[in-house]
Amino acid sequence: MGRHLSTFLLLLLFANSVFSWKKDEFRNCNQTPFCKRARTRKPGSCSLIASDVSISDGDLVAKLIAKQSSQDVSEDQQRPTKPLVLTISAYQDGVMRMKIDEDQSLSPRKKRFEVPDVIEPGFYIKKLWLQRLKEDKDGNGPISVVYLSEEYEAVIRHDPFEVFVRESGENGKKVLSLNSHGLFDFEQLREKEEGEEWGENFRSHTDKRPYGSQSISFDVSFYEADFVYGIPEHATSLALNPTRGPGIEFSEPYRLFNLDVFEYVHDSPFGLYGSIPFMISHGKSRGSSGFFWLNAAEMQIDVLGTGWNDENSSVLMLPSDQKRVDTLWMSEAGVVDAFFFVGPWPKDVVRQYTSVTGAPAMPQLFATAYHQCRWNYRDEEDVFNVDAKFDEHDIPYDVLWLDIEHTDGKKYFTWDRMLFPNPEEMQKKLAGKGRRMVTIVDPHIKRDDSYYIHKEASEKGYYVRDSTGKDFDGWCWPGSSSYLDMLNPEIRSWWAEKFSYENYVGSTPSLYIWNDMNEPSVFNGPEVTMPRDALHYGDAEHRELHNAYGYYFHMATANGLVKRSDGKDRPFVLSRAFFPGSQRYGAVWTGDNTADWDQLRVSVPMLLTLGLTGISFSGADVGGFFGNPDTELLVRWYQLGAYYPFFRAHAHHDTKRREPWLFGERNTEIIKESIRVRYMLLPYYYTLFRQANVSGVPVIRPLWMEFPSDEKTFSNDEAFMVGNSILVQGIFTERAKHVDVYLPGDELWYDMKTGAAYKGGVTHKLEALEESIPSFQRAGTIIPRKDRTRRSSTQMENDPYTLVIALNSSKAAEGELYVDDGKSFEFQQGAYIHLRFTFSNGKLTSTNMASATAGSRKFASRCTIERIIVVGLSPDPKTALVEPGNHKADVERGPLLLRGGPARSSVLTIRKPNVNIADDWTIAIL
């Protein structure tokens with residue numbers, strides 16, 4: 001009893017220290033030696049030059065040597081330098097890869113860590129074998145030029161060393177460059193000198209740093225750019241604000257270091273739960289380009305404001321007529337493994353990036369619907385009561401979640417049999433209504449000899465080790481815990497087996513998984529995480545792979561669910577931590593947000609940023625995880641959250657219950673309507689998820705991705721596009737009477753509720769309605785819907801479709817619909833329907849594009865088109881003629897596009913055309 005009480009008190013102490021934002025518990029740049037050193041370097045301090053430039057095995061290779069002899073000591077760092085090896089490779093679709101590492105032939109103390117299992121395997125076959133090296137000169141000396149694509153070429157300047165991509169030709173403009181300001185620095189591994197101290201202290205923790213300083217830093221410039229975006233995760237604006245420059249004092253760089261941050265603050269460059277070192281630029285004159293550094297160590301990135309280098313302007317090695325955005329990238333360890341993406345447009349850059357890290361996985365259909373979660377639903381009775389209340393109030397939902405309290409003493413893959421005595425029956429009862437359940441499985445394993453997971457992991461030596469070689473022992477929810485070394489593929493495979501029905505007793509095919517705390521979170525560790533000198537597979541230090549730990553855990557869990565179904569069903573796994581490539585394994589969310597208006601507001605740029613960096617399937621906890629939202633805030637959050645790619649309500653166990661029916665009849669109806677809107681739009685969302693799965697283009701997008709020449713969209717992060725057809729504007733202030741909505745482009749936009757037309761290219765001041773937030777359909781688009789309300793998405797499977805056609809000034813429109821079985825991998829063998837709708841000259845045509853590309857599997861559907869709503873058509877047509885069949889369909893004015901509001905005369909409906917979605921057909925409106 002005493003031991004259990006002391007464990008509880010210690011855990012409470014650690015938990016309380018975590019559960020609030022305490023700035024002094026986390027390091028800033030000045031407390032991070034590699035960041036502090038890099039920020040003090042002056043432009044032009046890099047003394048490296050490129051020598052021995054040649055073509056080898058289809059790559060450009062060179063040595064980077066100090067301008068002095070190799071035994072000279074660099075003035076700024078006072079340490080000897082050895083040659084570095086540079087390799088440049090070209091790939092299809094305008095992708096350049098550059099690697100810089102120590103020369104292994106000179107026997108460094110150990111091989112520097114390179115992040116494995118992130119690059120999409122199919123990327124390697126896209127390599128272009130370079131055959132010809134062009135030697136040339138420009139105004140700054142010798143250069144070597146190689147082919148990248150018909151429009152672009154890669155250039156390495158010899159002295160001073162610089163790498164850049166430019167448009168083809170001697171006078172081609174630069175697109176991206178590295179080391180144009182001479183800030184490159186590469187701290188090489190070396191032997192400790194007598195009396196030298198390498199350890200670092202932060203608060204009560206000591207990092208032994210057995211290999212000394214091994215950081216890397218360099219400048220990257222984006223040309224013809226107005227703004228830069230990306231590098232999540234930060235609770236800040238979509239367009240990244242400068243962190244250094246005139247008038248900017250004491251600002252921190254954007255930090256990339258996965259941490260468990262509870263109740264995080266908004267408008268901050270502080271790093272949160274995930275890290276993606278990928279930045280995308282955009283400007284009106286050229287478009288977009290991108291830069292990605294594959295490195296899992298802590299990273300700090302400065303966005304350098306205008307005039308940051310005025311006192312050193314003579315150092316610039318770039319044409320003076322090109323505007324640019326300069327950035328400084330700093331990392332604690334690793335190698336330079338960088339990718340340059342030439343664009344030239346936003347969707348091109350995202351496609352190029354996901355060709356390297358992989359396109360987002362295609363989710364099951366149920367996962368794109370509404371999820372209900374709380375820490376914690378207490379027991380089976382609570383679960384059944386919540387489920388029944390959704391039915392009583394006629395509110396659809398698809399997934400009910402269980403947090404850590406469902407387990408036996410925080411031991412994952414177990415159930416508290418007092419509270420959940422019949423877990424299989426519970427899941428089957430929900431599954432009978434087409435609903436699923438999600439349980440939490442975190443990476444910390446309770447150190448309990450009676451716990452089979454711990455016993456087996458300990459016996460096999462599967463845990464991360466501390467710096468002395470013993471199993472690392474840290475504190476998390478179970479108390480004393482150890483952490484599996486997910487860098488090791490053998491351990492990932494072992495972990496995957498734990499999700500079989502035999503191993504996970506009480507699980508069924510309708511149970512899916514939630515990975516939380518996988519940064520990893522260690523309550524008594526430095527900065528609430530694992531010590532940097534902990535040891536992993538191959539004796540890699542934790543500092544070298546920290547940001548990828550959660551990625552490997554997510555990967556292993558997703559693979560476990562695939563194995564569970566014998567490779568038949570797509571997995572669903574939600575992860576809090578993420579890294580490049582996480583999009584291949586499931587969804588993420590923005591972590592422990594707070595119930596306030598600022599957090600509602602910042603959720604939009606956070607999710608847009610995730611989408612830009614490959615992670616389309618993302619969301620924020622509706623209502624805020626921490627705190628009690630007032631009714632208005634909760635309603636507004638549901639209205640916005642219904643458009644998130646991942647739509648889940650979640651709350652801390654100390655908050656008041658906040659299921660949708662607990663806030664009065666009027667508010668219940670408004671929340672219900674918001675959820676129903678999502679269910680109506682599920683066919684459109686599912687189609688967008690397929691587009692993301694094929695091209696990497698995100699489900700929700702910044703306005704400038706669809707309107708790349710409209711400067712008013714470049715810094716707008718209060719509104720967003722859902723696909724290319726819907727614009728959503730949130731309401732982010734309490735008791736708002738009006739809301740300003742900028743509608744880009746030169747075509748009309750139609751209110752999705754009433755069909756009212758609004759001019760593009762104008763900011764409209766609209767009444768802030770209580771029952772909805774502004775949403776508009778873009779003229780020239782066609783949106784598929786399902787309008788019949790059911791308990792869950794599964795029960796909507798055979799329901800008919802509605803098409804909403806918003807005509808442009810040419811009286812034309814187009815759209816798509818993707819349909820498959822919603823759960824299996826058979827779509828990869830061609831078992832799907834992919835329709836393309838076009839409306840022109842008074843005719844609506846549907847063509848199944850899958851017929852030309854289908855593989856060995858076929859997919860059939862009984863679904864029909866129930867009605868077609870046309871907005872913006874005049875004069876009044878009298879009838880509609882359907883081919884084939886040569887039969888007529890009824891035509892009438894109305895009904896409303898969505899529920900509520902007065903109908904407009906421009907809305908026309910064709911009822912019961914009786915065409916199957918799998919067939920090709922044409923409907924002429926006469």
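Source: prediction; values computed, not measured.

Would you mind going over the overall build of the chain with me for this structure?
When you go through the chain residue by residue, the secondary structure sums to 14 helices and 50 strands. Computed over the C-alpha atoms, the radius of gyration of the chain is 28 Å, within 12% of the 29 Å expected from 2.2 N^0.38 for a compact globule of 926 residues. Across the 926 residues in the chain, those meeting the buried criterion constitute 63%. Here the analysis covers contacts within the chain between residues at least 6 apart in sequence; of these, 73% occur between residues at least 24 apart. Entry remark: accessible area of the chain is about 33,300 Å², with carbon and sulfur atoms responsible for 48%.

It is not clear to me how the nonpolar core should be interpreted in this structure. Could you clarify?
When a protein is soluble and globular, its nonpolar side chains tend to lie buried together. Ranked by size, the top nonpolar core spans 184 residues in total, and within it Leu484, Trp495, Phe572 and Val722 carry the most contacts. Looking at this core element by element, the count peaks at nine residues for helix α10 (residues 597–612). Residues contacting Val722, with those up to four places away along its chain left out, are Tyr643, Tyr684, Tyr685, Leu688, Val699, Ile700 and Val728. Counting 50 residues, the second largest nonpolar core, distinct from the first, contains Ile88, Met96, Tyr254 and Trp329.

Is there a simple way to think about the environment of Asn724 in this case?
Topologically, Asn724 is positioned in the loop between β34 (719–722) and β35 (726–729). Between the C-alpha atoms of Asn724 and Phe186, which are 538 residues apart in sequence, the distance is 43 Å. Of note is the side chain of Asn724, whose polar atom sits 2.8 Å from the side chain of Ser725.

Quick question: what am I supposed to make of the sheet that holds strand β33 (residues 700–701) here?
Consider a sheet: its strands pair through backbone hydrogen bonds, and that pairing is either parallel or antiparallel. Strand order in the open sheet made by the six strands is β33-β34-β35-β40-β37-β38, with antiparallel pairing throughout. Each having just a single partner strand, β33 and β38 (757–758) make up the two edges of the open sheet. Where strand β37 (residues 749–751) and strand β40 (residues 775–778) come together, three bridges link them in antiparallel fashion. When the bridges of β40 are listed, Trp749 appears paired with Arg778.

Help me understand the pairing of strand β24 (residues 436–440) in this model?
Each regular strand shows side chains that alternate between the opposite faces of the sheet. Within β24, five of the five residues are buried, which leaves it mostly tucked inside the rest of the structure. What you see with β24 is no split at all: Arg436, Val438 and Ile440 on one side and Met437 and Thr439 on the other are buried throughout. Bridge count between strand β23 (residues 399–402) and β24: four bridges; the pairing is parallel. Looking across to β24, one finds that Trp401 is bridged to Val438. In terms of handedness, the path from β23 via helix α5 (residues 423–431) over to β24 forms a crossover that is right-handed. Pairing between β24 and strand β28 (residues 511–515): four bridges, direction parallel. Bridge pairing links Val438 to Tyr512 in β28.

Which parts of the structure should I look at to understand the confidence of the model for the chain?
As a note on interpretation, predicted positions should not be read in detail where pLDDT is low. The predicted model of the chain averages 92 in pLDDT, with 93% of residues at 70 or higher. Contacts from residues 1–19, a stretch scored under 50 in pLDDT, to residues over four places away or in other chains number 23 contacts. Across residues 69–78, where pLDDT falls below 50, the model places 13 contacts with residues more than four positions away in sequence or in other chains.

Where do I start with the pattern of salt bridges in this structure?
Side chains that differ in charge, positive against negative, can pair when their charged atoms come close. The final tally for this structure, using the stated rule, is 74 salt bridges. With its nearest N and O atoms 2.7 Å apart, the salt bridge here joins Glu153 to Arg166. One end of the pair, Glu153, is in strand β8 (residues 152–157); the other, Arg166, is in strand β9 (residues 162–167), with 13 residues separating them in the sequence. Each of the two residues, Glu153 as well as Arg166, counts as buried. One salt bridge connects Arg209 with Glu200, and the closest N-O pair in it is separated by 2.9 Å.

Calculation rules
- Residues numbered from 1 in each chain as written.
- Predicted model: local features only at pLDDT ≥ 70, side-chain atom pairs only at ≥ 80, totals over all residues.
- Heavy atoms only, no water.
- Helix = DSSP H or I, 4+ residues; strand = E, 2+ residues; numbered from the N terminus.
- Rg over C-alpha atoms; globule rule 2.2 N^0.38 Å.
- Buried < 20%, exposed > 50% of the residue type's maximum accessible area, 1.4 Å probe, protein only.
- Contact = heavy atoms within 4.5 Å.
- Areas by Shrake-Rupley, 256 points an atom, 1.4 Å probe, with all protein chains shown as cover.
- Core = buried A, V, L, I, M, F, W, Y, C linked by side-chain atoms within 4.5 Å.
- Polar contact = N/O pair within 3.5 Å; in protein donor to acceptor, adjacent residues only side chain to side chain.
- Pairing = 2+ DSSP bridges.
- Right-handed = clockwise from strand over helix to strand, strands pointing away.
- pLDDT = per-residue confidence, 0-100.
- Salt bridge = Lys/Arg side-chain N within 4 Å of Asp/Glu carboxyl O.

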